[in-house]
Structures are given as structure tokens and as C-alpha cells.
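Below, each chain spelled out in residue letters.
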Amino acid sequence: MLGIVYITAGDMKNASEIARELVSRRLAACVNMFPISSIFRWNDQIEEQNEIALLVKTDSFRLDEIIKVVKSIHTYDLPAIEFWKIEGEQEYLDWVHVNSS
């Protein structure tokens with residue numbers, strides 16, 4: 001199934017590195033990047049941060065490899081990685097559940 005993997009990064013340098021790696025490995029056909037402002041709970045604190053959102057155009061069978069590549073070069077301890085229709089990296093989805101209830 002074709003879809004979009006949604007990823008956030010802390011700055012354009014890391015976002016571009018992730019995007020180039022995914023496209024060069026043919027794990028994505030295209031990646032769009034744009035600035036966003038995020039408010040989230042981390043370590044029992046409310047945080048507010050400017051980030052870069054990535055929309056990765058790909059096929060769902062590539063998701064496991066995309067997760068491995070992103071985690072290997074991402075600057076966050078726990079990057080947001082979601083496949084929309086919604087499948088994603090389980091640890092992140094668990095974090096969302098715990099911090100939204």
C-alpha cells in the first residue's frame with residue numbers, strides 16, 4: 001500500500017540528511033520538508049520547540065527499513081515515525097498513548 005511516513009526532526013540539517021538518505025536508498029520516492037511548531041510532554045515536562053516535519057512518500061513494505069535508517073541518523077532519542085493509515089514505530093505510538101491519557 002502506498003502511503004506517507006511522517007517524521008519530525010529538530011533542524012533542517014538533520015531533516016535533509018534523513019531525506020537524502022531515504023531517497024538515495026530508494027526507500028522513498030520523494031520527501032517534503034517544512035517548519036512546524038510543536039508542544040509535547042517529555043520527561044514529565046511540557047516542551048515547546050520549532051521542528052521540521054518530513055512527509056515521506058513510499059510503500060508500506062519499506063516501513064521497517066525506513067525506521068532503521070531514520071533511527072540510525074536521527075538526533076532525537078525517540079523520533080516521531082508514523083505511517084499514515086496509521087501504522088508506525090510502536091514505542092512512539094505507546095509514548096503518544098501514555099502522554100495523551
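Heads up: the structure comes first, above all this text.
How each quantity is defined
Residues numbered from 1 in each chain as written. Predicted model: local features only at pLDDT ≥ 70, side-chain atom pairs only at ≥ 80, totals over all residues. Heavy atoms only, no water. Helix = DSSP H or I, 4+ residues; strand = E, 2+ residues; numbered from the N terminus. Contact = heavy atoms within 4.5 Å. Axes fitted to C-alpha atoms, helices over the stretch in contact; angles between N-to-C directions. Left-handed = near helix turned anticlockwise from the far one by under 90°. Nonpolar A, V, L, I, M, F, W, Y, C, P; charged D, E, K, R; others polar. Salt bridge = Lys/Arg side-chain N within 4 Å of Asp/Glu carboxyl O. Buried < 20%, exposed > 50% of the residue type's maximum accessible area, 1.4 Å probe, protein only.

1. A word on the environment of Asn32
Piece 1. Assignment of secondary structure puts Asn32 in strand β2 (residues 30-42).
Piece 2. Considered as a pair, Asn32 and Ala53 are 21 residues apart in the sequence and their alpha carbons are 8.0 Å apart.
Piece 3. Apart from the residues within four sequence positions on either side, Asn32 is in contact with Ala53, Leu54, Leu55 and Lys57.

2. Let's talk about the packing of helix α1 (residues 12-24) against helix α2 (residues 63-73)
Piece 1. It is at 10 Å that the axes of α1 and α2 come closest, and there the two elements cross at 145°. The chirality of how α1 crosses α2 is right-handed. Where α1 approaches α2, its residues Asn14, Glu17, Ile18, Glu21 and Leu22 are matched on the opposing element by Ile66, Val69, Val70 and Ile73.
Piece 2. Tallied by class, the residues present in the contact of α1 with α2 amount to 6 nonpolar, 1 polar and 2 charged.

3. Details of the pattern of salt bridges
Piece 1. Inspection of the entire model under this criterion finds 3 salt bridges.
Piece 2. Between Glu65 and Arg25 there is a salt bridge, with the nearest N and O atoms lying 3.7 Å from each other. Taken together, the positions of Glu65 in helix α2 and Arg25 in the loop between α1 and β2 put the pair 40 residues apart, joining distant regions of the chain.
Piece 3. Using a relative accessible area of 31% as the deciding quantity, one classes Glu65 as partly exposed.
Piece 4. Glu65 is the partner of Lys68 in a salt bridge, and the nearest nitrogen-oxygen pair spans 3.8 Å. Of this pair, Lys68 and Glu65 are both found in helix α2, 3 residues apart, which corresponds to roughly one turn of the helix.
Piece 5. The network of salt bridges with shared partners includes Glu21, Arg25, Glu65 and Lys68.

Treat this as a map of the structure, not an account of what it does.
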